[in-house]
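If you want the building blocks of each chain, they are given just below.
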Amino acid sequence: MLNSALRSRAEYAELGADGLAARTTPERDAATIKAVEELLVGRETVLDLCCGYGRIALPLARSGKVVHALDISPNLIEAGQAKAAEEELSIEWAVGSMTDLPYKWDSFDAVICLWTAFHELFAEDEQISTICEISRVLKPGGMAIIEGPVWGPATAAEIANGMRQGPEHRIVTTEHFGTSSVHFIHDEISYGRLCAAAGIEDYKVYKREWGGRRRLILEIHQPGN
Ligand SMILES: C[S@@+](CC[C@H](N)C(=O)[O-])C[C@H]1O[C@@H](n2cnc3c(N)ncnc32)[C@H](O)[C@@H]1O
C-alpha cells in the first residue's frame, strides 16, 4: 500500500466513524446529497470512491442507485455496512485504495470522490494513478466528480509559519475540531497536469456552492461510444 493510503487509514482508525460524522452537519449532508443527486440524473451505477462511513453511498442506495463503495479505512466501511444491513440496503462495499481499484474496465456510469478525500494523496504518482483508475472504471459517456476545498496561492505568512509546505506550497496543515489535518491543495493547474498525464481531454475545473460551502470541483467526462 502506498504511503498516503497508510497515513489516512491510521488517521481514521483513530478518529472513528463518529468522529468523522461530528465534522459535518445534517444540513450540509442534505445539501451535498441534493447536489450529488442532481449531477447523477440518468446515471444509475455509481462508485462512491473513498466513501467513508457511507454518508453519501447510503442515501444514494435509498434513492435507487446501484452503489459500490470503496474506502481504505476498514472501520469506516464496517460502520457503513452496519447501517446498510439495518436498513436492508444493497451496497457493494470494498476496502481498498483509490490508487488501485478492484473493478473491471467500464464498470460505472459515475464515480464520485467527495469531501477532500482525493486531497489525502500527497505524491503526484498516487494522484495520477487514481485519475487513471477512475477513467478506466468509467463506462463510455460516464462522469466523475472530485470535490475539495478552494485555496488561493500561499501567502508569505502561511509559508513562514509552516502552514503551507512542499512543492508549490501545496501541502496545507489546518487546525480544526481540536486536531490538525494535512491535505494536498489542488487547483486548475494541478488538475490540468494530472488530467494531461492521464490522457484525459474532456474535463472541467470549477468553483460552486456545495453543501453550503464554496468548493472546487474536477469533473471528468469519459468519451462516449
Ligand atoms: C473526509 S473523509 C470523506 C468520506 C466520504 N467521501 C464522504 O463524503 O463522506 C475522507 C475519506 O477518504 C478515505 N481515504 C483516504 N485515502 C484513501 C485511499 N488512498 N483510498 C481509499 N480511501 C481513502 C478515508 O478513509 C476517508 O474515509
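An unreviewed UniProt entry lists the chain under the name Methyltransferase family protein, with Kribbella antiqua given as the organism.

Chemist: Teacher, can you tell me more about the sheet that holds strand 10 (residues 213-221) here?
Modeler: Two strands in a sheet stick together by hydrogen bonds in their backbones, pointing the same way (parallel) or opposite ways (antiparallel). Read from one edge of the open sheet, seven strands run 3-2-1-4-5-10-9, paired in mixed fashion. On the outer flanks of this sheet lie strand 3 (91-95) and strand 9 (203-210), each paired with one strand and no other. Between one strand axis and the next, the sheet turns by 20 degrees as a mean value, whatever way the strands run. The pairing of strand 1 (residues 45-49) with strand 2 (residues 66-71) spans five bridges and is classified as parallel.

Chemist: Any chance you could explain the nonpolar core here in plain terms?
Modeler: As a rule of thumb, soluble globular proteins bury nonpolar side chains together. Within the largest apolar cluster, 29 residues are counted, with the highest numbers of intra-cluster contacts made by Leu47, Leu49, Val111, Phe118 and Ile131. Mapped by element, the contributors of at least two residues to this core are strand 1, strand 4 (108-113), helix 5 (124-137), strand 5 (138-149), helix 7 (188-197) and strand 10. In this structure, Val46, Leu58, Trp93 and Ala110 belong to the second largest nonpolar core, which totals 25 residues.

Chemist: Mind showing me how you'd approach the UniProt feature "domain: Methyltransferase" (unreviewed entry) in the chain here?
Modeler: Taken from the UniProt record, the annotation "domain: Methyltransferase" (unreviewed entry) applies to residues 46-142. With 35% helix and 27% strand, the stretch residues 46-142 has end C-alpha atoms that lie 10 Å from each other.

Chemist: Would you take a moment to explain helix 7 for this structure?
Modeler: In an α-helix, one turn spans 3.6 residues, which is why side chains three or four residues apart end up on the same side. Those residues of helix 7 lying buried are Ser190, Tyr191, Gly192, Leu194 and Cys195. Between the side-chain oxygen at the start of helix 7 and the backbone nitrogen of Ile189 there is a gap of 3.0 Å, and the oxygen is on Asp187.

Chemist: What is the right way to look at the site of the ligand in this model?
Modeler: What surrounds the ligand is a group of 20 residues, the closest being Cys50, Arg55, Asp71, Ser73 and Met98. Between Ile72 and the ligand, the recorded distance is 3.2 Å, taken from a backbone N or O atom to a nitrogen atom. Ser73 has a polar side-chain atom sitting 2.7 Å from an oxygen atom of the ligand. Look at the ligand: alone it shows 600 Å² of surface, and the protein chains cover 98% of it. If you tally residues by element for the shell around the ligand, the top one is helix 1 (residues 3-21), at four residues.

Cut-offs used in this document
- Residues numbered from 1 in each chain as written.
- Predicted model: local features only at pLDDT ≥ 70, side-chain atom pairs only at ≥ 80, totals over all residues.
- Heavy atoms only, no water.
- Pairing = 2+ DSSP bridges.
- Helix = DSSP H or I, 4+ residues; strand = E, 2+ residues; numbered from the N terminus.
- Axes fitted to C-alpha atoms, helices over the stretch in contact; angles between N-to-C directions.
- Core = buried A, V, L, I, M, F, W, Y, C linked by side-chain atoms within 4.5 Å.
- Buried < 20%, exposed > 50% of the residue type's maximum accessible area, 1.4 Å probe, protein only.
- UniProt positions renumbered as here; feature names shortened; annotations may be inferred.
- Polar contact = N/O pair within 3.5 Å; in protein donor to acceptor, adjacent residues only side chain to side chain.
- Near = heavy atom within 4 Å.
- Areas by Shrake-Rupley, 256 points an atom, 1.4 Å probe, with all protein chains shown as cover.

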